[in-house]
Amino acid sequence: MATCLVTGGAGFLGSHLCDELLRRGHRVICVDNLETGSLKNIHHIRVPEFVHLNVDIIEPFFVDEPVDFVYHLASPASPIDYLRLPLHTLKVGSHGTHHALGLAKKHRARFLIASTSEVYGDPQEHPQKETYWGHVNPIGPRGVYDEAKRYAEALTMAYHRQQGVDTAIMRIFNTYGPRMRPHDGRAIPTFLRQALQDQPITVFGDGSQTRSFCYVSDLIRGMIALAESGHHHPVNIGNPNEFTLLELAETVIEVTGSRSQIVHEPLPTDDPQVRQPDIALAGQLLGWAPEVELREGLRRTIEDAGVEMLTGTSS
Ligand code: NAD
């Protein structure tokens, strides 16, 4: 049994990670100030092997028991959140990552940072390999998130090279599943909420921009495999099946049996045109590949979350 500290453990991905680590017999310390997460995501966990510390990681934080793994997920993640919290996002990526790395150093723990495909920006290389350095607008509105993650990756490598911390960098591509917030602005929860209420489905631009969507259980399996490997350089984890936003909207309508119509809205600033992971490295290093296809993942999301949760009509 290992002790795993999960920053952002009350968020969408973090809470699924806590569930899976506990299921595998580990002890979990969840560190989360509930800035964008919720106690609802962890209130079902009632075992002595789990503790939640309501701590803002922008300030230094400590735990006085041994820690074997630090999974560093805390950060606003959806555009709605990081556009509302630009300075907080930069501080979590910088100060917060310093504190999480410092803690891993003190405890001689293996450290994994949840980075993002957004470090590739609006990519000029397709699909995106880990060796691609990216094409990011540092001063656009999305720059606060993209650059915070790029800085956090640089910091992680510096702690590894200079301080000898055992680090891993996971570049996460769009992931979906139960516990996404219906109003967090990301495509799948937005389309599901609209389709389940037979409301117009709002596609940005002409909908020809592409994304690839990974189901949460696949992602968490990849995250733990990477944490438990000895690898230090970035590894993409995502589902390489690529869809246009229009195809995604049509698939959501089909799976939900909705009567919604598709409508178009202006494209946000610096919205990437394409997004598709090259996952060859994850296959070689970890023997990892996603298993859940989009239609199946959408069905599971609806079944597990329930219509009230997905439409925001639950109490
Ligand atoms: P989320 O917003 O649901 O979870 C983030 C969690 O971090 C929340 O529970 C929030 O309360 C917590 N947090 C934020 N600031 C904090 C602070 N200062 N101190 C303590 N806790 C703080 O987002 P998510 O989708 O679960 O994303 C988790 C991580 O994965 C993020 O780092 C994100 O950048 C990365 N990621 C997610 C995706 C995706 O598709 N979901 C894609 C790429 C990268």
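The rules behind these values
- Residues numbered from 1 in each chain as written.
- Predicted model: local features only at pLDDT ≥ 70, side-chain atom pairs only at ≥ 80, totals over all residues.
- Heavy atoms only, no water.
- UniProt positions renumbered as here; feature names shortened; annotations may be inferred.
- Helix = DSSP H or I, 4+ residues; strand = E, 2+ residues; numbered from the N terminus.
- Buried < 20%, exposed > 50% of the residue type's maximum accessible area, 1.4 Å probe, protein only.
- Expected span 1.5 Å × (residues − 1).
- Near = heavy atom within 4 Å.
- Polar contact = N/O pair within 3.5 Å; in protein donor to acceptor, adjacent residues only side chain to side chain.
- Areas by Shrake-Rupley, 256 points an atom, 1.4 Å probe, with all protein chains shown as cover.
- Nonpolar A, V, L, I, M, F, W, Y, C, P; charged D, E, K, R; others polar.

As named in an unreviewed UniProt entry, the protein chain is dTDP-glucose 4,6-dehydratase, taken from Conexibacter arvalis. According to UniProt, the comment filed for the protein chain under the heading Cofactor (unreviewed entry) is "NAD(+)".

Attention shifts here to unusual backbone geometry. Following His-126, the chain continues into Pro-127 via a peptide bond in cis, with omega recorded as -5°. One can find Pro-127 in the loop between β5 (110-116) and α4 (143-163). One non-glycine residue with positive phi stands out, namely Arg-108, at about 50°. As for its placement among the helices and strands, Arg-108 is situated in the loop between α3 (86-107) and β5. Of note in the backbone geometry, Asp-270 takes a positive phi value of approximately 60° without being a glycine. For Asp-270, a relative accessible area of 33% puts it in the partly exposed group.

Let us now look at α4. If you check α4, its first and last C-alpha atoms are 28 Å apart, about what 21 residues at 1.5 Å a residue would give, namely 30 Å. Immediately downstream of α4, the backbone of Gly-164 shows phi near 75°, a positive value.

This chain's UniProt record puts "domain: NAD-dependent epimerase/dehydratase" (unreviewed entry) on residues 5-238. Here residues 5-238 runs as 35% helix and 18% strand, with 23 Å between its end C-alpha atoms.

Taken together, 30 residues are adjacent to the ligand, and Asp-32, Thr-36, Leu-73, Tyr-145 and Lys-149 come closest. Interatomic distance of 3.2 Å between a side-chain N/O atom of Asn-33 and a nitrogen atom of the ligand. For the ligand, an oxygen atom lies 2.7 Å from a polar atom in the side chain of Lys-149. Alone, the ligand offers 820 Å² of accessible surface; in the complex the protein occludes 98% of this. At the level of secondary structure, the elements contributing two or more residues to the shell around the ligand comprise α1 (12-23), α3, β5 and α4. Looking at the shell around the ligand element by element, the count peaks at 3 residues for β5. When the residues that make up the shell around the ligand are grouped by side-chain class, the tally is 14 nonpolar, 11 polar and 5 charged.

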